Each structure stands twice: as C-alpha cells, then as structure tokens.
Amino acid sequence: LLDALPALRRRHGAVLAVAGTGPQADELRTHARQRRVAAAVRWLGFLDEPELAGLFAAADVVVVPSHYEPFGIVPLEAAAAGTPTVVADTGGLTDLATAGVTTATFPPGDVRALTAAVSEVVTTPPTDLARVRRRVRRAYAWPAIAAQTAAVYARARR
C-alpha cells in the first residue's frame with residue numbers, strides 16, 4: 001500500500017491512515033520515508049473500538065494489503081460501518097470477497113492492481129454498501145457465529 005500511495009496521491013490526493021501497532025512499524029515508517037510519502041501517512045497506533053468505528057465510517061476506502069490473512073476481521077468491521085473495502089486475494093480475505101463482503105480484490109503484492117482497485121472504488125463508489133452492511137451485521141454478528149460454531153460441534157459429535 002505504501003508503494004501504491006504515490007500514484008494514489010497523484011490521482012486522488014490520497015492520505016493513508018494506519019491504525020494499530022506491530023513489530024514492523026519502524027520498518028513501515030522507514031519505507032514511507034523512502035517512498036517520499038511519509039507526510040501523507042497518519043500513524044494512529046492502537047485505537048479503541050469507538051475510535052476505530054469512527055475511522056472506518058470516515059474512510060473513503062479501507063485497504064487490507066496482507067500477503068496472507070487467515071480470516072479478515074478488518075474488512076468485516078469496515079463493511080459493517082458501510083465503508084468499501086479493497087483486499088488482497090488471499091486466505092480468509094478471498095472467502096470474504098466470494099461472500100460479497102469486500103468491494104474489490106487484487107493479487108497480493110501487486111502494486112499496480114492494488115492501485116487500480118482503489119482508484120476504481122474511489123472514482124466509482126459501490127451502490128450496494130447498505131445491503132452489504134446489513135448482511136455483515138446479520139451473518140457475522142457474534143450470535144450468528146456462535147450458532148454456526150455450535151452446529152459444527154453438534155455435527156462432529158454425531
């Protein structure tokens with residue numbers, strides 16, 4: 001995403017907000033400086049639930065550029081906030097794309113495809129976000145997940 005940011009800034013004036021912390025934070029900051037986009041990146045650190053929900057709601061698009069992601073809670077939270085999501089086509093993110101939760105996908109590590117996907121979403125916002133939002137809030141809410149898990153255990157027990 002940092003590699004795509006120069007093109008996204010030229011095309012759309014994009015600013016990147018990075019929520020969370022992790023062991024690669026220093027490396028990512030260095031990479032942003034090397035790509036000359038450090039001034040366009042907001043390193044927000046850990047955000048509590050209300051702050052994160054506000055960030056999702058305020059974003060034009062949420063991008064999850066993971067090389068691998070086993071599930072994908074971030075795109076679910078973004079979709080629940082009614083925000084379009086662009087995700088790498090890998091792991092659990094692929095499952096969310098197949099389920100219609102995400103707005104667009106790109107091959108992991110493909111900077112051009114990531115740039116194109118984000119540009120498409122920004123210039124042609126999806127019209128079905130309210131439907132996706134309702135579906136996510138219904139199908140991925142904890143009561144629904146608990147019921148699905150209990151059903152798996154019941155089948156396994158038989």
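Definitions and cut-offs
- Residues numbered from 1 in each chain as written.
- Predicted model: local features only at pLDDT ≥ 70, side-chain atom pairs only at ≥ 80, totals over all residues.
- Heavy atoms only, no water.
- Helix = DSSP H or I, 4+ residues; strand = E, 2+ residues; numbered from the N terminus.
- Rg over C-alpha atoms; globule rule 2.2 N^0.38 Å.
- Contact = heavy atoms within 4.5 Å.
- Areas by Shrake-Rupley, 256 points an atom, 1.4 Å probe, with all protein chains shown as cover.
- Lys, Arg positive; Asp, Glu negative; His and termini not counted.
- Charge placed at Lys NZ, Arg CZ, Asp CG, Glu CD.
- Patch = residues over 30% accessible without salt bridge, like charges linked within 9 Å, V, L, I, M, F, W, Y side chains within 5 Å.
- Salt bridge = Lys/Arg side-chain N within 4 Å of Asp/Glu carboxyl O.
- Buried < 20%, exposed > 50% of the residue type's maximum accessible area, 1.4 Å probe, protein only.
- Core = buried A, V, L, I, M, F, W, Y, C linked by side-chain atoms within 4.5 Å.
- Pairing = 2+ DSSP bridges.
- Right-handed = clockwise from strand over helix to strand, strands pointing away.

Novice: Help me understand the overall build of the protein in this model?
Specialist: Along its length, the protein carries eight helices and five strands. Its helices and strands taken in sequence order, the protein reads α-β-α-β-α-β-α-β-α-β-α-α-α from the N to the C terminus. Relative to a compact globule of 158 residues, whose C-alpha radius of gyration would be 15 Å, the protein shows 17 Å and is just as compact. For the C-alpha atoms alone, the extent of the protein along its principal axes is close to 60 × 35 × 30 Å. The long-range fraction of contacts in the protein, counting pairs at least 24 apart against all pairs at least 6 apart in sequence, stands at 57%. Counting only carbon and sulfur atoms, one obtains 55% of the accessible surface of the protein, whose full area is about 9,700 Å². Side-chain charges of the protein comprise 18 positive and 14 negative groups, with the mean position of each set lying 4 Å from the other.

Novice: Help me understand the environment of Leu96 in this model?
Specialist: Within the secondary structure, Leu96 sits in helix α5 (residues 91-98). Leu96 sits 23 residues away from Ile73 along the chain, and the two C-alpha atoms are 9.8 Å apart. Excluding its chain neighbours within four sequence positions, the residues that come into contact with Leu96 are Phe71, Gly72, Pro75, Leu76, Val101, Thr102 and Tyr140.

Novice: It is not clear to me how a nonpolar patch on the surface should be interpreted in this structure. Could you clarify?
Specialist: On the surface, Phe71, Ile73 and Val74 cluster together into a nonpolar patch covering about 240 Å² of accessible area. On the basis of relative accessible area, Ile73 is assigned to the partly exposed category, the value being 43%.

Novice: What is the right way to read the pattern of salt bridges from this model?
Specialist: Pairing between side chains of opposite charge can happen when the charged atoms of each approach one another. This structure, assessed with the given rule, holds two salt bridges. The salt bridge involving Arg35 is made with Asp3; its shortest N-O contact spans 3.3 Å. Of this pair, Arg35 sits in the loop between α2 (25-34) and β2 (41-45) while Asp3 sits in the segment before α1 (5-12), placing them 32 residues apart in sequence. For Asp3, a relative accessible area of 32% corresponds to the partly exposed category. Among the ionic pairs, Asp128 bridges to Arg131, the shortest N-O distance being 2.8 Å.

Novice: Can you help me understand the nonpolar core in this one?
Specialist: Within soluble globular proteins, side chains that are nonpolar tend to cluster in buried spots. Ranked by size, the top nonpolar core spans 20 residues in total, and within it Leu5, Val41, Val86 and Val118 carry the most contacts. In terms of nonpolar packing, the next biggest core, distinct from the first, is built from eight residues, Leu47, Leu52, Val64 and Ala78 among them.

Novice: Help me out: how do you make sense of the pairing of strand β1 (residues 16-19) in this one?
Specialist: It is a general feature of regular strands that their side chains alternate between the two faces of the sheet. Relative to β2, β1 is paired through four bridges, and the arrangement is parallel. The residue bridging Ala17 from the neighbouring strand is Arg42, located in β2. As a crossover connection, the stretch from β1 through α2 into β2 is right-handed.

The values reported here are purely geometric and, on their own, carry no functional implication.
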